[in-house]
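As a plain string of letters, each chain reads:
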Amino acid sequence: MTAISSYARALAAASGTAVPTATVRHVHLAARPLILVPLAMAGEANAPLAAMVGTERERPELLVVPQPRNRDLRFAFAARLAEIFLPYVLGFAADIEELTNGPRTVDAPQLIVPNQAGVAFVRLFGRSTRFRTTTGDYAVEPSVPLLGRWLTFFAERAEVPGSSLMPAATEMLSLHWATGQSALEDANLAALMGWIDPPAGADGPAAARLAEDPRHCPPAGPTTDPGFDNEVLAPAIAAYDAVTDPSQLPDAVKRLEEALHSQLQPTWDLVWRALDRLRVLPGGASVPGRWEVDRSRYTGFHTYMIEEGLPQARRDGAVAAARRLNRMERAQASYDAERAFDDPLVMADHRVTGEAFLGSVVAVDRDRRVPNGRGKGRLVTRPLVTLRTEDPVRLALGMKVVATRRRRQECVVTALEPCDAGILVTLEAQNGMGRSAAPAPGSVPEVGESLCYSSVLADGVRSATMPEAEDTPWTHGGPPQPYEPSEQDTAEAWE
Amino acid sequence: MHPGESVQDRTESRLDRIRGSAPPRRHDARTIAALTRNPGCARRGVLDAAGVDKDLLARQVGFPAAFGQSRFAIVRGNVFEARVKADGCVDLLRMFHECLGSEPGGTEPGGTAAGEPLLVTGDAEPDETLAARHERTVAALRTASGTDRPVLITHPLLRLAVGGQDVHLEPDLVLVRPGGLFHVVEIKSFPVIDGQAEGEKVAAAAIQAAVYVLALRRLLGRPDAVSHDVVLVCPRDFSNAPMATRIDVRRQLLVLDHQLARLSAVDALVAALPPDLTFDLAPGPDGRPTRPAAELAAGLSRLDARYTPDCLSMCELAFRCRHEAAGRTAALGPSVREELGGVETVAEVLELAAGTRAPTADQAEAADRLRTTARMYAAGLAAGPATEHAAGDRGPTP
Ligand code: SF4
């Protein structure tokens, strides 16, 4: 928790309604996302029970596994999900723009799940389907392993900070609003929406309490309410199992479908309502840039699936894992920095900690030139800008800072001195002034200008040098064997 | 109080009164494990020591807990345990061998494994009293350490003193290796997929196993005879096939030891309570407790709670305590509370932030930061693009 988000929670608790912690939207929202609300059977290892899925709010598809312990029925579910999922995902591949470093699709698919547990479901369902073979004893529909590889791709992207390929509704909401309850309770989508968008006549706490009552509002899954399991689902599955006359099967299935529909529909509606709330916010300036990265990754994986298409390994080797961690840290740092630069309310956090400050320019030495330090008496332009601020600045001399409205210009802190009302911060502009000796017009701040400078920058995390995969030290398991799916992978029991 | 009555007796009789006529709810491994989370809560400390049925109490005061268990999960758990123990546990022994790294099967001079384990069942026999079963399984445990074959004892009935009271505990399995080293084995039905399981579930299983280790150590009186390496048996990947994982529970043992020692503090807690305090849930003719909810609620308010959101996942009284904690920063989570300078209530936080309340000496620093935060929050909100979200009347970007 940060100072701002904690204070916002206090505000929300006092007012009984959620308060904003962002003024712009920091996630990309696709024009036509695919919503997936999965349910799994309690106790089993990610056994799908049902799902509501689709791109149209009014026309969700309901998929049901009448007996989740039956392997064939699970794979039939996977095949049906693939029928919906694959055409949607592959539908973005054809429309391509050529860039200097290769092609990139102009848009990408977006899969939205209700919560973090939904993301975990997708990851495990991808894991349980991507190794299947389409021949031999355990043959499945050809679409099943494809589905598995794509789901795995989405699940891996979901771990990357700032990616919008598979966001969870709860995470998106929590990024933009603070409730008057704990983060733990915010994991309940219905309770969270109760604070953000309470039904008429109720306040946040009342709506959240109602939302927590499974008789009033089914959990957003994938785990179902134990009461529902014991009282409704178990008898309905038993009735299905007991059918001996095939003509009675449709009725038994219908009973299950109705039961599961009642558990899925409220969550389905909530996810769409969450999207409504998020769409009202104007998009942050760096959102399209991050979506471009998502589009590139999508394009890359699509190409990989055509050219090679082997399933992703069960686990990363040591070097791959370390690289991945490093990539994650950098993605996190740049995501944090970008959000702050896009949004004064996020920047407010850095202002509280003194890593950023808002000040007004009181003096400028615009044409200052200094030796470039590389001899030969060459001079470079290094204007000095002095700002006065009342913020609790905690910067050190030599630190790099950038202003939110002058993102292309790096400055270095050269002096910090207290004055009668606050602190005088002097910065030396390093670049972004054009090529000629005198700074280009408008490229240096002017007296009277009000600017917010931050030292929380995207390139904050240094990447450690990593050995090549084939040089993995034996302490880390030695060089990884290139991954080939084995007999064992495909024969793996899925009882 | 009568002369000669010990503190312990006095506490004991007070606790009896607090519980009333209902039979005591004893601790089990799960509730002991829960002690290590939120140990500072006096309310739970007293109620647990008295053996009050917290679930019933919560229902009675209008805040029923939501700890239902799905039939599907129970069935799966039973099926898996049966499968693990099938075939005389030979398979299981091979897995122990792999995960414990040495030869739990013992090695004969020729280098071959000593073969099948000796199976002892500790499960209840018809008409057997708890005491008899305890005696029987303890005897079995003691003789087991003398054999040269590995011994597996299913469901031995152990005993552990918790807060001055004996608690019965039933580990799934205890493995005794030739040479006499004991390992606690827990069978759990959550899957380990590609070598990874859900962290929370593993943590819960580890602390529970640590409770058994502790009980076994105290029972045998030889701490070094019981290994701090416990074995967790879970289904592998998406199958029902078991796999064994070794877990070192030394850290959990330390925490437990510490918590159990603290439980004696119940004496002091109880001594400070009004002598007539009771949560007697004696049922009336309709089977429901006769004591009015208001009286029970009033009683609860005599016991200091220390609510944190974590309570929601471990204590039956959580909804009630959360209700009481409304308006307190602790209800927003420990890290939020900390960010708010540890100030007790939301109202105080906001007043300090607005400068309408004079901070106490030790609130000065927190108040300073809260004022800054409030100022930055308002400025940040106002500087954002004007939307309905950012409360439209705050004006456009400056
Ligand atoms: S829920 Fe209440 S009684 Fe239980 S541990 Fe938390 S504060 Fe204590």
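Please read these numbers as outputs of a predicted model, since none were measured by experiment.

Quick notes on the rules
Residues numbered from 1 in each chain as written. Chains lettered and ligands numbered in written order. Predicted model: local features only at pLDDT ≥ 70, side-chain atom pairs only at ≥ 80, totals over all residues. Heavy atoms only, no water. Salt bridge = Lys/Arg side-chain N within 4 Å of Asp/Glu carboxyl O. Buried < 20%, exposed > 50% of the residue type's maximum accessible area, 1.4 Å probe, protein only. 1 Å grid on protein atoms, 1.4 Å probe; cavity = no way out; pocket = protein on both sides within 12 Å on 5 of 7 lines; lining within 4 Å. Points joined across faces, edges and corners; volume = space filled by probe spheres on them. Helix = DSSP H or I, 4+ residues; strand = E, 2+ residues; numbered from the N terminus. Axes fitted to C-alpha atoms, helices over the stretch in contact; angles between N-to-C directions. Parallel < 35°, antiparallel > 145°, perpendicular 65-115°, else oblique. Left-handed = near helix turned anticlockwise from the far one by under 90°. Contact = heavy atoms within 4.5 Å. Buried area = accessible area lost by both parts, 1.4 Å probe. Polar contact = N/O pair within 3.5 Å; in protein donor to acceptor, adjacent residues only side chain to side chain. Nonpolar A, V, L, I, M, F, W, Y, C, P; charged D, E, K, R; others polar. Disulfide = S-S within 2.5 Å. pLDDT = per-residue confidence, 0-100. Near = heavy atom within 4 Å. Sits in = over half its atoms within 2 Å of the grid points. Domains from an automatic or database assignment.

Inspection of every chain in the model, using the stated rule, returns 59 salt bridges over all chains. R59 of chain A serves as the salt-bridge partner of E56 of chain A, at 3.3 Å between the closest nitrogen and oxygen. Since its relative accessible area comes to 41%, E56 of chain A is described here as partly exposed. Classification of R59 of chain A by relative accessible area gives exposed; the value is 58%. Residues R357 of chain B and E351 of chain B are paired through a salt bridge, measuring 2.8 Å at the closest nitrogen-oxygen approach.

This brings us to empty space enclosed by the protein. Residues and elements named next belong to chain B. For the structure on display, the rule yields 5 cavities of 30 Å³ or more. There is about 100 Å³ of room inside the largest cavity. Taken together, 13 residues make up the lining of the largest cavity; nearest its centre are N38, C41, C311, C315 and C321. Among the elements of the structure, α3 (42-50) and α12 (318-324) are those that each provide at least two residues to the lining of the largest cavity.

Here we take up the packing of helix α7 (residues 189-196) of chain A against helix α8 (residues 204-212) of chain A. Each pair of packed helices can be described by the angle between their axes along with the distance between the axes. All names here are of chain A. Look at α7 against α8: their axes get within 7 Å of each other, and the N-to-C directions meet at 160°. Considered as vectors, α7 and α8 are oriented roughly antiparallel to each other. Of the two elements, α7 crosses α8, and the hand of that crossing is right-handed. For the pair α7 and α8, contact is made by A190, A191, G194 and W195 and by G204, P205, A207, A208 and A211, respectively.

Within the sequence span of helix α14 (residues 346-354) of chain B, burial applies to V346, E348, V349, L350, L352 and A353 of chain B. Contacts made by the buried residues of α14 of chain B are with α1 (3-15) of chain A together with α15 (364-383) of chain B. Count one or two residues on from α14 of chain B and you reach G355 of chain B, which has phi positive near 75°.

Before going further, it helps to examine the interface of chain B and chain A. Opposite the 53 residues of chain B that make contact, chain A presents 60 residues. Taking both sides of the interface into account, the surface hidden between chain B and chain A amounts to around 4700 Å²; carbon and sulfur atoms contribute 66%. For the salt bridge of D237 of chain B with R314 of chain A, the shortest nitrogen-to-oxygen distance reads 3.5 Å. There are 11 residue pairs in polar contact (both at pLDDT 80 or more) connecting chain B and chain A. The set of elements that each furnish at least two residues to the side of chain B that touches chain A consists of α5 (71-85), α12, α13 (334-339), α14 and α15 of chain B. Here the side of chain B that touches chain A is composed, by residue class, of 26 nonpolar, 16 polar and 11 charged.

Before going further, it helps to examine unusual backbone geometry. Geometrically, the link from G221 of chain A to P222 of chain A is a cis peptide bond, its omega value of -5° lying close to zero. Position of P222 of chain A among the secondary structure elements: in the loop between α8 and α9 (226-242). Phi at D127 of chain B takes a positive value of approximately 65°, unusual for a residue other than glycine. Counting through the fold element by element, D127 of chain B comes out in the loop between β1 (118-121) and α7 (130-144). Judged by relative accessible area, which is 82%, D127 of chain B ranks as exposed. Positive phi, close to 50°, is recorded for D237 of chain B, a residue that is not glycine. You can see D237 of chain B is positioned in the loop between β7 (229-235) and β8 (242-248).

Attention now goes to the state of the cysteines. Throughout the structure, instances matching the rule amount to 0 disulfides over all chains. Cysteine C419 of chain A is unpaired, with the sulfur of C452 of chain A as its nearest cysteine sulfur at 18 Å.

In the predicted model, chain A carries a mean pLDDT of 91, and the fraction of residues at 70 or more is 93%. Low confidence marks residues 460-464 of chain A, where pLDDT is under 50. Its contacts with residues over four positions away, or in another chain, come to 7 contacts.

Moving on to the site of the ligand. Residues and elements named next belong to chain B. Around the ligand, the surrounding shell consists of N38, C41, R43, R44, A305, R306, Y307, C311, C315, L317, A318 and C321. Mapping the ligand onto the cavity grids shows that it belongs to the largest cavity. Taken together, the elements giving at least two residues each to the shell around the ligand come down to α3 and α12.

Segmentation of chain A into domains returns domain 1 (3-320) and domain 2 (356-454). Placing the centre of domain 1 of chain A and that of domain 2 of chain A at their C-alpha centroids yields a distance of 47 Å.

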